[in-house]
Structure formats: structure tokens, C-alpha cells
Amino acid sequence: MKRVLALLSLLACGDDAPTDLADASVEDDGFMGCPADVPQLALNNEARGKTITASVVAASRVPARRYLNDWTFAFRDAAGNALNDVTIATARTWMPVHGHDGLVMPQLLGAQVRRLNFNMRGPWEVQLSLRSASAGTDDVVFHVCIAE
Amino acid sequence: MLLAACADETPEVAAFDRTQLLDPTMCKSCHPQHYREWASSMHAYASDDPVFVAMNARGQRETNGALGDFCVRCHAPMALREGFTRDGLSIASAPTPLRGVTCFFCHEALATDATMNNHVTLAGDLVMRGGIQDPVPTSAHGAAYSTLHDRNAADSSRLCGSCHDVVTQGGVAVERTFQEYQESLFGKPGVGFDTCSGCHMIGKPGRAAIGGPERELHEHLWPGVDTAHTPWPDREAQHAAVACALGLNARIYGVSLSPLGELIIKVETAAGHNQPSGASHDRRMWLEVQALDANGQTLFASGMIGDGEREEKMAGEPGFDPQLALFRDWLYDANGNYVKMMWQAATSTSYPRGYTPLTLPPALLPNVAHTLDARYRLLEAARVDKVRIRLRMRAVGVDVLEDLVASGDLDRALIAAQPTFTLFGAAVEWSPRDGTMRMLEEEAVLCPEAYECLLGDAGSCP
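Reading guide: rules and limits
- Residue numbers run consecutively from 1 along every chain, following the written order of its sequence.
- Lettering of chains starts at A and numbering of ligands starts at 1, both following the order in which they are written.
- Local features in this predicted model are restricted to residues whose pLDDT is 70 or higher, and side-chain atom pairs enter the listing and the counts only when it is 80 or higher, whereas totals over whole chains, interfaces and linings include all residues.
- Here a strand is any run of E in DSSP of at least two residues, a helix any run of H or I of at least four, and the numbering for each starts at the N terminus.
- Exposed residues have 12 or fewer other C-beta atoms within 10 Å of their own C-beta, buried residues have 20 or more, and partly exposed residues fall in between, where C-beta atoms are placed from the backbone.
- Two residues qualify as being in contact provided that their C-beta atoms, derived from the backbone, are within 7 Å of each other.
- The term nonpolar core refers to a set of buried Ala, Val, Leu, Ile, Met, Phe, Trp, Tyr and Cys residues connected through C-beta atoms within 7 Å.
- DSSP calls a pair of strands paired once it identifies at least 2 bridges connecting them.
- The pLDDT value tells you how sure the predictor is about a given residue, anywhere from 0 up to 100.
- Helix axes are fitted to C-alpha atoms over the stretch in contact, other axes to C-alpha atoms as well, and angles between N-to-C directions run from 0 to 180 degrees.
- Residue classes follow a fixed rule: Ala, Val, Leu, Ile, Met, Phe, Trp, Tyr, Cys and Pro count as nonpolar, while Asp, Glu, Lys and Arg count as charged, and any other residue, Gly among them, counts as polar.
- What the arc covers is the set of directions going from the helix axis to the C-beta atoms.

*Asks:* Explanation requested: the overall build of chain A in the structure shown.
*Replies:* Each helix and strand in chain A was counted, giving zero helices and 12 strands. Reading the helices (α) and strands (β) of chain A from amino to carboxyl end gives β-β-β-β-β-β-β-β-β-β-β-β. A burial count over chain A gives 33% of its 148 residues as buried. Summarising the internal contacts of chain A: among those between residues at least 6 apart in sequence, 51% fall at separations of at least 24.

Dropping the structure here:
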């Protein structure tokens, strides 16, 4: 979202100090919204690893919103067969452009991950480390944008 | 008639006159949810807040009136501009519709000449400005788009900054939230950018006015850390919203305990400004730390501060906590002596800025650590089985409130009325045996459902 605006720039040193106001034409580099390649959450969104593909089959909010979200996953192997022996070893939300996670440790409850915290708007990742007796260990990353 | 006027079907309905537009309850007729949220907010409470009233009264007295309109300029801008008060001392007798930071003040804002101490210019045209680019025409008032009100536009943060940076008459920058934001990663143009309202006015679907189209709206709660100390509409909702905003934006980044007994706790904020921020000289945020042995016996404790208890104690005083990790600003006068009240602050040779800060910094660059370390010296480190840690926060230090009580400006009962928040993200139990950390479930918050349901947004409350 870019707009050309006439802004007032300011040089002031105290409450009653004189201000130097000057017109300047600058671009308003506001909130960029969701990048085209980072969609909002929709059910059945997939993340593909080397041997396991994960998909979101239920979510507390679709699309996902700021603060705490619960997602439930289903898993398939490379041939597309359902995997029922997958354990979610770790889960975290991660905001690449800030280089920080979602601060709150998610709760792992079988195929459900609770308390995925998106503490600000923008593009996020949901990173899962998976273990399966039949498909081995794998990591998958969901790319999801939090618009609001 | 009034309902139809909300979305332009009845142009014959007379436009609100200036007196009507100044009154937030008139906004309620077409914007009931916006009104309800605002009415619970600290913007509505700004000049009814007994701490504000007490501080302003004392400040006027101690400066022989030199404080003038300094406080009321932001706490009740329309009462000041309409001539119902000059210094805030008579604010209780000002018409209710003009108290606090009103709908009219923000939505008539045309420009900000300086991002501090409220140098907002109002348009004076009775056109209500907002962040909607295609407002539905209404006979009630003119409606226009403004970047100052568009939470996706960088310009909008300047409107917030006009009151959320405060420089005293003595030249001390006692509140620097906007400055902190501008220096942070959040304030830099690019993909990681967001505005003040982007975080503090969360978006949600809804109708801007009765009868209007479904749109992406934003909350008018502005949760920070302050809450009402006295009975106030939807006080519980505001409390729950603050618990979310605080609790999900800070964490314990790491803990370590050396064999020699040095316990290091790394604390981090995800806020787009320092934490605490705003009146950081009044704010109190601290780490509560309890090291326990395998039998649950306490081996070490710091920051175990009860409700209504003063946070800092002097050496020799019962409860003195020499290792207390306390995050706040300290103010000084022209002679370099510590002072509590912002009008007493001044620059000096010892303290050129008039203050010293110890607050959690925001992210300045991507992937660069911005934690602060709290270090404790423990005896019997080898016996420590677990360490319970809670980051806790109050809007105003009990010592500040006690000082206002002592000067006769504040009711002592308000001290107990002030909540202490535990920040859920920074409430953990850590085990030195295996280095694992778990969250304290008893501190869990439900966000945003907890406050949305209290405001009637989400059906029954969970």
C-alpha cells in the first residue's frame, strides 16, 4: 500500500520550541498486507516435507487471526496414503521478516496444535517437526498470512 | 429516522450540528459497537481516571499553575478546546461529552504539527474522518477518508504519536512511545512494518454503521496496560483485552544456572516499542523468580510482591529485595535527585536527559536478539530442582500512588483496586536438570475470545 502524500516534517526540541515545518512529498510505505505468495489460512492448506505431507483439516478460525489459534492436521506419505502414526514433536509459529517466533509455546495434543500465537499482522510460518514409524522424521512449513 | 440516517437512505434527516457531533453518545446511535468499545477504553477514561485527576491537581499546586494545560491537552482535548477547562482542575464539572479523548477529537483531526504534546489541528468542518476509503454518504455528518485514520497507512501512527510522546516544559522526554516505535523494526518501511493501530486496533469484520456494508473494521479498545481503577463500562472486557495484549507479547527467552549459582533469565518483548512504555517512570514491571528444591521448598525468591504491595523497598526495610529485576524509568530533577512526578523532572549535568531507562527494547533489526538479562546470585545452586518465573506488570507503581495518597490527592482505596498483570508468555517453569521450560497453565489467557465475548462480539463467553 503506497500513497504519495504531502507530509509535514518536524524539527522541534521542546514543547514550546519553534517548529520547522516543511512540505515534503514522500511515499507512505504503510502496512504491506499479505504478499501474493503467502495466502491466508484455508482448510486443506498443505505443507510438503521430504516424506510427509501435512494438511490443516480443522482450525479454530479460518482464516487464522491475530492471537491464539488451534489447528488440527492430517498426514499423508509421498504416495498419498494416509499416515496415522505421525507424532508432532515440535511446533512453532515464526515470522521470517522479523526473525522471531510467536512467543507462546504451543500445546501439542496428538494431531492438534493449540495456542499457535500470531502476535502481529503479516506473513508467518507454522513449522512442524514430525515423527512417523513408517515415514521417518520430517519437517514441514506452512506459509500463512495473518491479515488481521 | 435515526437508523435510516446511518447509511444515507434518508437525506431529509437533518445533519447533526456541532454540539451533537461533539457528544459520543450521538455516535452510538449509528456506531453502537464502536461506541461500546471506546466507552470502555482508556481514551474515554482519560480525564475521569482518579490518578490523572490526582496528578494534575498536585502538579498544578506544586508548580503554582505553571503546568497549565499541559496534562489536559491530551487527557481532555475537547473540553480544553471548547473552553470548559484551562488546566483540568475543573474537568469534573465539564460536560460529560467533552471529557476524555472523544470520537470527535480523533475523527475531526486534519493534521499533526508535531508528534508530541498534542499539536493536532482539527478540521472544523464537521466532516468525520476515518480509514475507510469509500465511506457511505450519510446525512448525519460529512464523511471522508484520511491517512491519519487508516491503520494501514504509515501516516496514521503520527496521530497516535501526537499524544503518546510527551516532553515536559523542562524539556524531559518523559513519554517516548512513538519515538521508540519509529526506531524499531515495526516503524521501518518494508515487509515488517506495522502501524500503532495495526497492533492496538485489531481488525475484524463488521459494519462501520448500522445499515452499512460489511467491511474490515478495527477495534476501538487500544489495550495497553492501564485499566479503570473505578467502576467503568465494560471494565472486565478492557482488563481481558489488556491481558491479551500484554500476555502474548513478551516471553522468557532462556534460562541458565551455573554451578556457581548465577541464574540468568533472558526476557524479551515483541512489542513495537519498549516495554514498559508510555509513562515508564510510573510503570512497574518486574520478574518474580522462585527457585525450589525437589521437595518444593523455596531456596531463593525475588520479586514476590503481593497485590497492592509497594514494588521497591529501601535497604533495611522489611521485604527489601536487593536482586529485584525491575523495569521502569527513573526521573531526576535539576540537581540530579530522584523524583517521582513528571513535572519535577529536569535535565542536569548528572542526567542530561532527566531520566534513566531500564526497559525491554523492541526489535531493531530482523534476527537480532533484543533480550535483557536478569542475573541473580543463588546459594545452593546444586539443589535447585525447578525455577518458577513470572513477568508481572502494573500501570502505576504503588510508591507513586502512595505518594499521591500522602499528598491528599488520591483515595487510598485505589491502591488495592489496581490490577497486577502476569504476562502469560513470560510465565514459565524451568528445570535445570534437563533445561526444559513449560508454560504456567494457570496463567493462560484466552485471546481474543475472552474480551470479544464480554463485548457481545462472540456469543456466550467461554
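Let's pick the thread back up.
*Asks:* When you look at the nonpolar core in this model, what are you seeing that I'm missing?
*Replies:* In summary, soluble globular proteins display a tendency toward joint burial of nonpolar side chains. Residue and element names in this part refer to chain B. Membership of the largest hydrophobic core comes to 165 residues, with the highest contact counts inside it found for A76, C244, L246, I265, L287 and L423. Counting residues per element, this core draws most heavily on helix α13 (residues 235-247), which supplies eight residues. Setting aside its immediate chain neighbours within four residues, L423 contacts L246, G247, A250, L391 and M393.

*Asks:* Would you take a moment to explain the pairing of strand β8 (residues 214-218) of chain B for this structure?
*Replies:* Each regular strand shows side chains that alternate between the opposite faces of the sheet. Residues and elements named next belong to chain B. Bridge analysis of strand β7 (residues 203-207) against β8 gives five bridges, and the strand direction is antiparallel. Note on β8: the bridge partner recorded for G203 is H218. The loop that links β7 with its antiparallel partner β8 comprises six residues; one of these, G211, has a positive phi angle of about 85 degrees.

*Asks:* Would you mind showing me how to read the confidence of the model for chain A here?
*Replies:* For any part of a model where pLDDT is low, the fine detail of the predicted coordinates should not be relied upon. Residues at a pLDDT of 70 or more form 81% of chain A, whose mean pLDDT is 84. Overall, residues 1-26 of chain A carries pLDDT values under 50, and its contacts beyond four positions in sequence, including any with other chains, amount to 45 contacts.

*Asks:* Even after reading the chapter, I still don't get helix α10 (residues 156-164) of chain B, so can you show me in this structure?
*Replies:* Note that an α-helix has 3.6 residues per turn; residues three or four places apart therefore point the same way. Taken across its nine residues, α10 of chain B has nine buried, putting it largely inside the fold. Listed in full, the buried residues belonging to α10 of chain B are S156, S157, R158, L159, C160, G161, S162, C163 and H164 of chain B.

*Asks:* Explain the sheet that holds strand β9 (residues 250-257) of chain B to me, please; I cannot follow it from the model alone.
*Replies:* Strands in a sheet are paired, the pairing made by backbone hydrogen bonds, and the direction either parallel or antiparallel. Residues and elements named next belong to chain B. One open sheet holds the three strands; their spatial order is β9-β10-β16, and the pairing between them is antiparallel. In the strand order of this sheet, the two ends are held by β9 and β16 (372-377), each with one partner. The average angle at which neighbouring strand axes cross in this sheet is 20 degrees, direction not considered. In this structure, β9 lies alongside strand β10 (residues 262-269), joined through seven bridges in antiparallel fashion. Note on β10: the bridge partner recorded for R251 is E268.

*Asks:* What exactly am I supposed to notice about the environment of T63 of chain B here?
*Replies:* Mapped onto the elements of the fold, T63 of chain B is located in the loop between α6 (50-62) and α7 (72-75). Residue T63 of chain B is classed as partly exposed on the basis of its 15 C-beta neighbours within 10 Å.

*Asks:* What exactly am I supposed to notice about the interface of chain A and chain B here?
*Replies:* Note on interface size: it is often stated as the accessible area lost on association of the parts. Counting residues at the interface gives 32 residues for chain A and 40 residues for chain B. Those elements that provide at least two residues to the side of chain A that touches chain B are β1 (2-9), β2 (22-29) and β5 (67-77) of chain A. Considering each element in turn, the side of chain A that touches chain B owes the most residues, four residues, to β1 of chain A. Residue composition of the side of chain A that touches chain B, grouped by class: 16 nonpolar, nine polar and seven charged.

*Asks:* Looking at this structure, I do not really get the sheet that holds strand β12 (residues 136-146) of chain A. What am I missing?
*Replies:* Residues and elements named next belong to chain A. Spatial ordering of the open sheet is given by β8-β7-β11-β12, a layout of four strands whose pairing is antiparallel. For this open sheet the edge positions go to β8 (100-101) and β12, each flanked by a neighbour on one side alone. Summarising the sheet, strand β11 (residues 122-132) and β12 pair through 11 bridges and their orientation is antiparallel. Considered in β12, the bridge of L130 is made with D138.

*Asks:* In this structure, what is going on with the environment of P362 of chain B? I would like to understand it.
*Replies:* All names here are of chain B. Tracing the sequence through the fold places P362 in the loop between β15 (355-358) and β16. The exposure class assigned to P362 is buried, which follows from the 22 C-beta atoms found within 10 Å. For the pair P362 and A39, spaced 323 residues apart in sequence, the C-alpha to C-alpha distance is 30 Å. Apart from residues no more than four positions distant in its own chain, P362 is found in contact with E180, S184, L185, F186, T269, A271, G272, H273, N274 and H370.

*Asks:* Which parts of the structure should I look at to understand unusual backbone geometry?
*Replies:* In terms of backbone geometry, most residues other than glycine have negative phi values and most peptide bonds are trans. In this model, Q275 of chain B is joined to P276 of chain B through a cis peptide bond whose omega is -5 degrees. Looking at where P276 of chain B falls in the secondary structure, it is placed in the loop between β10 and β11 (284-292). A cis amide bond links C447 of chain B with the next residue in sequence, P448 of chain B, at an omega value of 0 degrees. Here P448 of chain B lies in the loop between β19 (437-439) and α16 (449-454). Residue Y67 of chain A is not a glycine yet carries a positive backbone phi of 75 degrees. The topology assignment puts Y67 of chain A in strand β5. Judged by C-beta crowding, with 25 C-beta atoms within 10 Å, Y67 of chain A ranks as buried.

*Asks:* Sorry, what's going on with helix α14 (residues 398-406) of chain B here?
*Replies:* Residues and elements named next belong to chain B. Residues of α14 that are buried: V398, V400, L401 and L404. Along the axis of α14, the buried residues cluster in a sector spanning 160 degrees; they form a single face. Residues of α14 that are buried sit in contact with α6 and α15 (413-417). Just past α14, the residue G408 takes up positive phi, approximately 80 degrees.

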